Amino acid sequence: METKTPTLTKPAPKPKWLRVKLPTGKKYTSLRGLVDKYDLHTICTSGSCPNMGECWTEGTATFMILGNICTRSCGFCGVKTGRPETVDWDEPEKVARSIKLMEIKHAVITSVDRDDLKDMGSIIWAETVKAIRRFNPETTLETLIPDFQGNTRNIDRIIAVAPEVVSHNMETVRRLTREVRIQAKYEKSLEVLNYLKQNGMKRTKSGIMLGLGEKEDEVLQTMQDLRDVKLDIITIGQYLQPSKRHLPVKEFITPEQFKKYEEIGLEMGFRHVESGPLVRSSYKAQKHLT
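This structure is a prediction, so every number in the text was calculated from the model and none was measured. (Residues numbered from 1 in each chain as written. Predicted model: local features only at pLDDT ≥ 70, side-chain atom pairs only at ≥ 80, totals over all residues. Heavy atoms only, no water.)

Participant: Hey, could you go over the overall build of the protein chain for me, with residue numbers and the actual values?
Facilitator: Scanning the protein chain from N- to C-terminus turns up ten helices and nine strands. Counting all 290 residues of the protein chain, 51% fall into the buried class. Restricting the contact set of the protein chain to residue pairs at least 6 apart, pairs at least 24 apart contribute 75%. As displayed, the protein chain has an accessible area near 14400 Å², and 50% of this comes from carbon and sulfur atoms. (Helix = DSSP H or I, 4+ residues; strand = E, 2+ residues; numbered from the N terminus. Buried < 20%, exposed > 50% of the residue type's maximum accessible area, 1.4 Å probe, protein only. Contact = heavy atoms within 4.5 Å. Areas by Shrake-Rupley, 256 points an atom, 1.4 Å probe, with all protein chains shown as cover.)

Shown next as structure tokens:
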């Protein structure tokens, strides 16, 4: 499929409510030292997450598996696109040992898309969860999975290892999906979330970004579509342009509008709604265990 290269655009200046305080504190400093000393890989650091200090202080961190090159070329994402490296079958144990070393209480695991693999990476996914359980029996887990192209055999591998929370992000509203996610499909993502819930996952979760040109009624419809598949947890945050080659920010959503979506989401019946300019998929992830 031919993909459209976004026009180079200068990132728009950020409003005052997107200013981030530098992370501080004894726990953060300690974990940062371990990450640097042992070259541990977390999305928190590589993605310069604005909530890193807060999450690390609470004992939560996010790890990415299956390399750092994605087979998809989504217009919003800063991860490299291209031909991924061969699978590292030692990675599950490496991640598990990193979590033990950092004394992480709640770990979020995510990955690039691996459409180049027959199992789309689902075996490594399952082995990673198993390894974390062996090395860190007290650590709880959230798995932020790709769509695995909707292949239920691959999704079943995630269900079999029973993470406490299973997440798959919609990212945007139906109208913008083709432009924002390119290879992904809105309905397929809903089907994945529905399949997870119908097959025993107690806590399902998804996230969307705002500021890409969506309208309020489209956001509300996406929220309703997610409730229709019995989704438990939703995160809503501001899209920020990773570079000039990525999709531009069309609008900075105000904190008041985010609050409105939070209130509506709770009225819809979501168990947890995290909605704010700096909210990311793993924000307050440990709270979502309740």
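We are not done yet, so read on.
Participant: Please provide a residue-by-residue account of the sheet that holds strand 4 (residues 106–111), values included.
Facilitator: With parallel pairing, the seven strands of this open sheet are ordered in space as 1-4-5-6-7-8-9. Where the open sheet ends on each side, the last strands, each with one partner, are strand 1 (60–65) and strand 9 (272–275). Averaged over all pairs of adjacent strands, the angle between their axes in this sheet comes to 20°, without regard to strand direction. Across three bridges, strand 5 (residues 140–144) lies against strand 6 (residues 165–167) in parallel orientation. Residue T143 lies in a different strand from strand 6, and its bridge partner there is V166. Across the face of the sheet, helix 4 (residues 91–102) comes into contact with strand 1 and strand 4 while running at roughly 165° to strand 1. Contacts between helix 9 (residues 216–228) and the sheet are confined to strand 7 (204–210) and strand 8 (233–238), with strand 7 contributing the most and set at about 170° to the helix. (Pairing = 2+ DSSP bridges. Axes fitted to C-alpha atoms, helices over the stretch in contact; angles between N-to-C directions.)

Participant: Hey, could you go over the pattern of salt bridges for me, with residue numbers and the actual values?
Facilitator: Two side chains with opposite charge may pair up if their charged atoms get near one another. By the definition in use, this model includes 17 salt bridges. Between R72 and D113 there is a salt bridge, with its nearest N and O atoms 3.6 Å apart. Of the two residues, R72 sits in the loop between strand 2 (69–70) and strand 3 (80–81) while D113 sits in the loop between strand 4 and helix 5 (122–135), which places them 41 residues apart along the sequence. Across the pair, D113 and R72 agree in class, each one buried. Between R97 and E93 there is a salt bridge; the shortest N-O distance is 3.0 Å. Of this pair, R97 and E93 both sit in helix 4, separated by four residues, roughly a single helical turn. Looking at R97, the relative accessible area reads 47%, which means it is partly exposed. (Salt bridge = Lys/Arg side-chain N within 4 Å of Asp/Glu carboxyl O.)

Participant: Residue-level account of the nonpolar core, with values.
Facilitator: By size, the foremost hydrophobic cluster in this structure holds 61 residues, and its most contacted members are I109 and L196. No other element matches helix 5, which puts six residues into this core. Residues within four places of I109 in sequence aside, it is in contact with F63, I65, V95, I99, W125, T128, I132, L141, E142, T143 and L144. (Core = buried A, V, L, I, M, F, W, Y, C linked by side-chain atoms within 4.5 Å.)

Participant: Could you give an account of helix 4, with specific residues and numbers?
Facilitator: Note that an α-helix has 3.6 residues per turn; residues three or four places apart therefore point the same way. In this model helix 4 runs 16 Å from its N-terminal to its C-terminal C-alpha over twelve residues, within 8% of the 16 Å that 1.5 Å per residue would give. All of the buried residues in helix 4 are E91, P92, V95, A96, S98, I99 and M102. Relative to the axis of helix 4, the buried residues are bounded by an arc of 160° and lie together on one face. Downstream of helix 4 by one or two residues, E103 has phi in the positive range, about 55°. (Expected span 1.5 Å × (residues − 1). Arc of directions from axis to C-beta.)

Participant: Talk me through the packing of helix 6 (residues 152–161) against helix 8 (residues 186–198); I want residue IDs and the actual numbers.
Facilitator: The packing of two helices is summarised by the inter-axis angle and the distance between the axes. Interaxial distance between helix 6 and helix 8 falls to 11 Å at its minimum, and their mutual angle equals 45°. On the basis of the axis angle, helix 6 is oblique to helix 8. Crossing geometry of helix 6 relative to helix 8 is assigned as right-handed. Two secondary-structure elements touch here, helix 6 through T152, I155, D156 and I159 and helix 8 through V192, Y195 and L196. (Parallel < 35°, antiparallel > 145°, perpendicular 65-115°, else oblique. Left-handed = near helix turned anticlockwise from the far one by under 90°.)

Participant: Before we move on, could you go through unusual backbone geometry and cite the residues and values that matter?
Facilitator: The backbone of E171 shows a phi angle near 75°, a positive value even though the residue is not glycine. The class for E171 is buried, based on a relative accessible area of 14%.

Participant: Quick rundown of the packing of helix 5 against helix 6? Include the residues and the values.
Facilitator: Interhelical geometry of helix 5 versus helix 6 gives an angle of 10° and a closest axis separation of 8 Å. With respect to helix 6, the axis of helix 5 lies roughly parallel. Of helix 6, the residues touching helix 5 (which contributes S122, I123, W125, A126, V129, K130 and R133) are N154, R157, I158 and V161.

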